[in-house]
Structure formats: C-alpha cells, structure tokens
Amino acid sequence: MKIAIYPGTFDPVTNGHLDILKRASLLFDKVIVAIATDNEKESLFSIEERRAFMEAVVKDIPNVAVEHFSGLLMHYVQKTQAHAIIRGLRAVSDFEYEFQLALMNKKLARDVETIFLMTSSEYAFLSSTIIKQVVSLNGNIHGLVPEIVEEALKEKFNWERE
Ligand code: ADP
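Calculation criteria
- Residues numbered from 1 in each chain as written.
- Predicted model: local features only at pLDDT ≥ 70, side-chain atom pairs only at ≥ 80, totals over all residues.
- Heavy atoms only, no water.
- Pairing = 2+ DSSP bridges.
- Helix = DSSP H or I, 4+ residues; strand = E, 2+ residues; numbered from the N terminus.
- Axes fitted to C-alpha atoms, helices over the stretch in contact; angles between N-to-C directions.
- Salt bridge = Lys/Arg side-chain N within 4 Å of Asp/Glu carboxyl O.
- Buried < 20%, exposed > 50% of the residue type's maximum accessible area, 1.4 Å probe, protein only.
- Expected span 1.5 Å × (residues − 1).
- Polar contact = N/O pair within 3.5 Å; in protein donor to acceptor, adjacent residues only side chain to side chain.
- Contact = heavy atoms within 4.5 Å.

A.B. asks: Got a minute to help me understand the sheet that holds strand 1 (residues 3-8) in this structure?
C.D. replies: Strand order across the open sheet formed by five strands is 3-2-1-4-5, with parallel pairing between neighbours. In this open sheet, the two strands that pair with only one neighbour each are strand 3 (64-69) and strand 5 (113-118). The average undirected angle you get between the axes of adjacent strands in this sheet is 30°. As judged from the six bridges shared by strand 1 and strand 2 (residues 30-36), these two strands associate in the parallel manner.

A.B. asks: Would you take a moment to explain the pattern of salt bridges for this structure?
C.D. replies: Oppositely charged side chains can form a pair if their charged atoms are brought close together. All told, the structure shown has eight salt bridges when counted by the stated rule. A salt bridge links E49 to K156; the shortest N-O distance between them is 3.4 Å. Placement of the pair is E49 in helix 2 (residues 47-58) and K156 in helix 6 (residues 147-156), with a sequence separation of 107 residues. Looking at E49, the relative accessible area reads 29%, which means it is partly exposed. Residue K156 is classed as partly exposed on the basis of its relative accessible area, which comes to 37%. Ionic pairing is found between K106 and E113, a salt bridge with its closest N-O pair at 2.9 Å. Classification of E113 as partly exposed rests on a relative accessible area of 43%.

A.B. asks: Before we go on, may I ask you to explain unusual backbone geometry in this structure?
C.D. replies: For residues that are not glycine, phi is negative in most cases, and the peptide bond is trans in most cases. Cis geometry is adopted by the peptide bond preceding P12, which originates at D11 and carries an omega value of 0°. With respect to the helices, strands and loops of the structure, P12 is situated in the loop between strand 1 and helix 1 (15-27). A positive phi angle, near 50°, is found at F10, a position not held by glycine. Here F10 shows up in the loop between strand 1 and helix 1. Among the residues examined, F10 registers a relative accessible area of 3% and is labelled buried. For N138, which is not glycine, the phi dihedral falls at a positive 65°. Tracing the backbone through its elements, the reader meets N138 in the loop between helix 5 (128-136) and helix 6.

A.B. asks: In this structure, what is going on with the environment of L73? I would like to understand it.
C.D. replies: Structurally, L73 can be placed in helix 3 (residues 73-80). Through-space distance from the C-alpha of L73 to that of G8 is 9.9 Å; in sequence the pair is 65 residues apart.

A.B. asks: Explain helix 1 to me, please; I cannot follow it from the model alone.
C.D. replies: Because the α-helix completes a turn every 3.6 residues, residues three or four places apart line up on one side. The end-to-end C-alpha separation of helix 1 is 19 Å, in line with the 18 Å expected for 13 residues at 1.5 Å each. Inspection of helix 1 places N15, G16, H17, L18, D19, I20, L21, A24 and S25 among the buried residues, and these make up the whole buried set. At the N-terminal boundary of helix 1, the capping side chain belongs to T14, with an oxygen 3.1 Å from the backbone nitrogen of G16.

A.B. asks: What should I look at first to understand the side chain of T114 in this one?
C.D. replies: Counting through the fold element by element, T114 comes out in strand 5. Assessed through its relative accessible area of 19%, T114 is described here as buried. The residues contacting T114, other than those within four sequence positions of it, are I85, R87 and A102.

This is a description of form; function is not addressed.
Structural data, given as structure tokens:
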C-alpha cells in the first residue's frame, strides 16, 4: 500500500490545497493530510478548528485521512511508514524554499521522496495568507475556500454578509 503525507499548516484550507489533495489521492492508495501543530507561523485558527475544516471537506474522498503532528515532519513520516511527501508549487518563489526543504528531508530519510504537484492555474495566486488578508478587509473570497471555511472566516473577522 503506497502512502503519501500531505503536510502543511492549512490555516485555513483553501480550494488550492483541496485541488492538490484530490489529485494526490488519485496517485496513492492512501493520502494522510498532516496538519502541523507547531511551527514558526502563528495561526489564526486553532489545531482543532483547522482539523475540523479539513475533516469536513475530505469526508467524501475515501482514501484521505486527516491527522496532526508536532515536531519533525520526517519523524512523523517514518512513524506512519509513508513513502512520499506531497507538496504544491505555485510560483518560482515557492521553489527555492521547497527545494531546500526537500533536500533536507531526503538527508533525514533517504527512502522517502518528495513529490511536487503543480498548482492548477485557477489557484496559482491562492494562499491561506492572502485569503486572511482579503477577508480582514471585507473582501469577497467566495469560491476560493470551502463554504465551511468561508463562514468561519467571516465569523472570525466579524463580517456580516451583505
Ligand atoms: P506550509 O506552511 O507548510 O507552507 P501551507 O498550509 O501553506 O503549509 O501549504 C501546504 C502545501 O500546499 C504547500 O506545499 C503549499 O505550497 C501548497 N499550496 C498552498 N496553496 C496552494 C495552491 N493554491 N496551489 C497549489 N499548492 C498550494
């Protein structure tokens, strides 16, 4: 059974993440979304909220499971006996960091490959950060995040639907 881990902060999950996830689920027997509980980014949503959103949006994809992890990703990957890590690439600017990360992860666990999936063009501009910025300024993010996330963001920023 080929298992892949799709790690990230997912603060919150966007339709760009979901697109990568759906495509990855067609390539592997099982994909585990691994939500990072501790990293240098301060998150808007708690781990429980981020996990609940993710669980709601993947419930119809049978070979996708949602977990969270703390500490070193590669320790988690080895524990789950996964074969690959999935990462999404949006722009050249993602590349340098992802390249460094992939090489370091390869150094830490020789038998685990990082697989990069290119963003779909309609999501190339999309990140959790830009979504939060737009909502905080009352912008419309309809169609860019799952509905459950859209509602939670509006609530978080106390924005009433017009
Ligand atoms: P991290 O904090 O580890 O970068 P994110 O939650 O921001 O985690 O993203 C998780 C993964 O999803 C990363 O590989 C990121 O490049 C990818 N990703 C995020 N948004 C998109 C998008 N719009 N299209 C493709 N990949 C994306």
